[in-house]
Number of protein chains: 4
Amino acid sequence: MDDSLQLGKQALASQPFSVLVGAELTGYSPGWAELTVPITHQLKQQHGFVHGGVISYVAGNALTFAGGSVLGPAVVTSEYKINYLRPAIGTVLIARATVIYSSKTQAVCRCDVFVIGEGEENLCAVSQGTIARITQSSEAQA
Amino acid sequence: MDDSLQLGKQALASQPFSVLVGAELTGYSPGWAELTVPITHQLKQQHGFVHGGVISYVAGNALTFAGGSVLGPAVVTSEYKINYLRPAIGTVLIARATVIYSSKTQAVCRCDVFVIGEGEENLCAVSQGTIARITQSSEAQA
Amino acid sequence: MDDSLQLGKQALASQPFSVLVGAELTGYSPGWAELTVPITHQLKQQHGFVHGGVISYVAGNALTFAGGSVLGPAVVTSEYKINYLRPAIGTVLIARATVIYSSKTQAVCRCDVFVIGEGEENLCAVSQGTIARITQSSEAQA
Amino acid sequence: MDDSLQLGKQALASQPFSVLVGAELTGYSPGWAELTVPITHQLKQQHGFVHGGVISYVAGNALTFAGGSVLGPAVVTSEYKINYLRPAIGTVLIARATVIYSSKTQAVCRCDVFVIGEGEENLCAVSQGTIARITQSSEAQA
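Keep in mind that this is a model prediction, so the values were computed, not measured.

Scoring rules and cut-offs
- Residues numbered from 1 in each chain as written.
- Chains lettered and ligands numbered in written order.
- Predicted model: local features only at pLDDT ≥ 70, side-chain atom pairs only at ≥ 80, totals over all residues.
- Helix = DSSP H or I, 4+ residues; strand = E, 2+ residues; numbered from the N terminus.
- Rg over C-alpha atoms; globule rule 2.2 N^0.38 Å.
- Buried ≥ 20, exposed ≤ 12 C-beta atoms within 10 Å, placed from the backbone.
- Contact = placed C-beta atoms within 7 Å.
- Axes fitted to C-alpha atoms, helices over the stretch in contact; angles between N-to-C directions.
- Parallel < 35°, antiparallel > 145°, perpendicular 65-115°, else oblique.
- Left-handed = near helix turned anticlockwise from the far one by under 90°.
- pLDDT = per-residue confidence, 0-100.
- Pairing = 2+ DSSP bridges.
- Nonpolar A, V, L, I, M, F, W, Y, C, P; charged D, E, K, R; others polar.
- Core = buried A, V, L, I, M, F, W, Y, C linked by C-beta atoms within 7 Å.
- Least-squares fit on C-alpha atoms with pLDDT ≥ 70 in both.
- Expected span 1.5 Å × (residues − 1).

Glancing now at the overall build of chain A. A tally of helices and strands in chain A yields 3 helices and 6 strands. Reading the helices (α) and strands (β) of chain A from amino to carboxyl end gives α-α-β-β-α-β-β-β-β. Over its C-alpha atoms chain A spans a radius of gyration of 15 Å, differing by no more than 12% from the 14 Å that the globule rule assigns to 142 residues. In terms of overall dimensions, chain A has a C-alpha envelope of 45 × 30 × 25 Å along the principal axes. Counting every position in chain A, which comprises 142 residues, the buried fraction comes to 57%. Sequence separation of 24 or more characterises 64% of the internal contacts of chain A that already satisfy a separation of 6 or more.

Shown next, in the form of structure tokens:
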């Protein structure tokens, strides 16, 4: 495992909520990040689908890791939007985020969230947002 | 407690992920919903703030309940966007969502997320999105 | 007319596209801006409604002026989202934007776009976005 | 020129605002649309860049044409978000939109807006949104 993936895994492991959800960083290189979440009962809503909040979590966190891969570890998610496409039914969620554009201070990223089940991989949500580097001037904002 | 709030609380209690997060429905009337989340360690990120995924969860779910308050219980969140304003540090998160416009098939809603701590209530995120009623023709979409 | 409104009107008049659309700044004070667009044939789409691009223009520009009212004149719109609610049929569009939160470097704003016709004022779109102050470090981004 | 592109060009030509902006439909096939806008003085803001409202217009309209390419001509844009990446300086804007997912009633699409100048093509904005088919039940909404 390369160093950056190892450091990313440590960052994720230091987030109690990511541990609660059970997310794993399964890919991490400059401009790209992949998060994987095994689907358990406690991540679902009342109809047996993965709760939209889990899909938002994994999309938002993948965007943040992608942004951090080019901006450094001191980043925050400024904003994002998400479109849900299909009910997420399956065994694993995978969020893949890429950096579309970055300056010194922020990165605009997109993320695709897939659900894996019975040998199929289906796109279940798409997201787009802004990750900002935390600077002295932005601390009040962060 | 009125009937609609009671029914809303049952709907929330039937979502395993909402139980995991510890969310409570604290207000629910036509065109309006309020969700409250006591802040625990497991809802935080590495710097001690509430994880952005929790804030997204509560914003998105409040939007959904607000939409459901006018469209009926068979609804899904189609899409939303969120802007994070401040680190969420405190003891309780409160998300208040209102319906801005609704047709027979969907509602556009806004949500404000506040964090309460040491007697202060601070706005920490704002959100806007679309809630859709599930119909036969939209089932493939939902 | 107060000085800030006068300066704002000059800024708008210096934008050739705003002149083409026929927009007027009808309100401008710290944290708030109002743009008005008389509806002409050339602003419509094929069904006689105001084109969505005009509504986006006026929402986005009102967001920018609202942000500029607290950040100063050197600002850019980083991002926004818009939900269209109703066909815009009438004689005048009015976009009213307010600052929800601002730091030294950016402002998060919301905008409501109304269409006026036959004595009625109807909300036809709602928007939310981020306005950034142009700084040396953000110039590449702007 | 194939029939669908020809029909798309007629639809665009029937929008007075698209004629005012000078947009051309330069690509149109199932799941995909491309709009091109020659950059003229009247499309600019006060610093000589293309006005953000023009970029929003072309992104939003390309999303709509992409959605219409799979849903049929009776469509409306429900919502979208846009992130501006760079000042648009050049001679031509090109917006390329693709359908990410579609059901019978709506399509979720993404759009990339490029600015062409001095032999370079630079991405200047990215967008994501929902296009809805107009049905009897959605007419109030449209």
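Now that the structure has been shown, we can carry on.
Packing of helix α3 (residues 52–71) of chain A against helix α3 (residues 52–71) of chain B brings their axes to within 8 Å, and their N-to-C directions diverge by 140°. In terms of axis orientation, α3(A) runs oblique to α3(B). You can see that α3(A) and α3(B) cross each other, and the crossing is right-handed. Here A:G52, A:G53, A:S56, A:Y57, A:G60 and A:N61 of α3(A) lie close against α3(B), whose contacting residues are B:G52, B:G53, B:S56, B:Y57, B:G60 and B:N61.

Should pLDDT be low for a region, the predicted coordinates there are not to be read in detail. The predicted model of chain A has a mean per-residue pLDDT of 93, with 94% of residues at 70 or higher. In this model, residues 137–142 of chain A is a region of pLDDT below 50 whose contacts with residues beyond four sequence positions or in other chains number 14 contacts.

Let us look at the interface of chain B and chain A. Opposite the 31 residues of chain B that make contact, chain A presents 31 residues. Sorting the residues of the side of chain B that touches chain A by element identifies α2 (16–21), α3 and β3 (75–84) of chain B as the ones contributing at least two each. With 9 residues, β3(B) is the largest single contributor of residues to the side of chain B that touches chain A. Of the pairings in the sheet, the one linking strand β3 (residues 75–84) of chain A to β3(B) comprises 5 bridges and is antiparallel in character. Residue pairing for β3(B): A:E79 is matched across the bridge by B:N83.

Turning next to the interface of chain A and chain D. Opposite the 10 residues of chain A that make contact, chain D presents 10 residues. Going through the elements one at a time, β3, β4 (92–102) and β6 (120–133) of chain A are the ones with two or more residues in the side of chain A that touches chain D. At 4 residues, the largest contribution of residues to the side of chain A that touches chain D is made by β6(A). Here the side of chain A that touches chain D is composed, by residue class, of 6 nonpolar, 3 polar and 1 charged.

Generally speaking, a soluble globular protein has its nonpolar side chains buried in company with each other. One finds A:V58, B:V58, C:V58 and D:V58 to be the most contacted residues of the largest nonpolar core, which totals 192 residues. Apart from residues no more than four positions distant in its own chain, A:V58 is found in contact with A:A23, A:L35, A:V37, A:L93, A:A95 and A:V113.

Looking now at the relation of the copies chain A and chain D. Screw-axis analysis of chain A against chain D gives a translation of 0.0 Å along the axis, an RMSD of 0.0 Å, and a rotation angle of 180°. The two molecules are tied by a two-fold rotation axis, judged by turn and shift.

A few words now on the sheet that holds strand β5 (residues 106–117) of chain A. If you walk across this open sheet you meet the 12 strands as β1(A)-β2(A)-β4(A)-β5(A)-β6(A)-β3(A)-β3(B)-β6(B)-β5(B)-β4(B)-β2(B)-β1(B), and the pairing is antiparallel. A single partner strand is all that each edge strand has here, and the edge strands are β1 (24–29) of chain A together with β1 (24–29) of chain B. Across the sheet, the mean angle from the axis of one strand to that of its neighbour is 20°, orientation sign disregarded. The strands that α3(A) touches are β1, β2 (32–38), β3, β4, β5 and β6 of chain A together with β3 of chain B; relative to β4(A), the one it contacts most, it runs at about 40°.

Take the environment of C:S4 next. Residue and element names in this part refer to chain C. Counting through the fold element by element, S4 comes out in helix α1 (residues 3–13). Counting along the chain gives 28 residues from S4 to W32, while the straight-line C-alpha distance between them is 12 Å. Residues in contact with S4, not counting those within four places in the same chain, are Y28 and S29.

Take the relation of the copies chain B and chain A next. Superposing chain B onto chain A requires a rotation of 180° together with a translation of 0.0 Å along the rotation axis, leaving an RMSD of 0.0 Å. With an isologous cut-off of 70% or more, the 100% of interface residues of chain B that recur at the interface of chain A puts this contact in the isologous class.

Once that is clear, we can look at the pairing of β5(A). All names here are of chain A. In this sheet, β5 lies alongside β4 in antiparallel orientation, the contact comprising 10 bridges. Looking across to β5, one finds that Y101 is bridged to V108. Between β4 and β5, which pair antiparallel one after the other, the connecting turn spans 3 residues. The sheet contact formed by β5 and β6 spans 12 bridges and is antiparallel. Residue pairing in the sheet places Q106 in a bridge with A132 of β6. Connecting β5 to the antiparallel partner β6 that follows it, the hairpin turn spans 2 residues, and E118 within it adopts a positive phi of roughly 50°.

Next up on the list: α3(B). Across its 20 residues, α3(B) extends 28 Å between first and last C-alpha, which sits within 8% of the 28 Å expected from 1.5 Å per residue. Judged by how many residues are buried, α3(B) sits mostly within the fold: 19 of 20 residues are covered.

On to unusual backbone geometry. We note that B:E118 has phi near 50°; this positive angle belongs to a residue other than glycine. Along the chain, B:E118 turns up in the loop between β5 (106–117) and β6 (120–133).

Next up on the list: the environment of A:S14. Within the secondary structure layout, A:S14 lies in the loop between α1 (3–13) and α2 (16–21). Spatially, the C-alpha atoms of A:S14 and A:D112 are 24 Å apart, while their sequence positions differ by 98 residues.

So, about the sheet that holds strand β3 (residues 75–84) of chain D. Where strands meet in a sheet, backbone hydrogen bonds hold them as pairs that are either parallel or antiparallel. The strand order β1(C)-β2(C)-β4(C)-β5(C)-β6(C)-β3(C)-β3(D)-β6(D)-β5(D)-β4(D)-β2(D)-β1(D) describes an open sheet built from 12 strands, whose pairing is antiparallel. Edge positions in the sheet fall to β1 (24–29) of chain C together with β1 (24–29) of chain D, since each of these pairs with one other strand and no more. Between one strand and the next, the sheet's axes are offset by a mean angle of 20°, whatever the strand orientation. As judged from the 5 bridges shared by β1(C) and strand β2 (residues 32–38) of chain C, these two strands associate in the antiparallel manner. Paired with C:G27 across the bridge in β2(C) is C:E34. Its contacts with the sheet place helix α3 (residues 52–71) of chain C against β1, β2, β3 (75–84), β4 (92–102), β5 (106–117) and β6 (120–133) of chain C together with β3 of chain D, and it is angled at close to 40° to β4(C).

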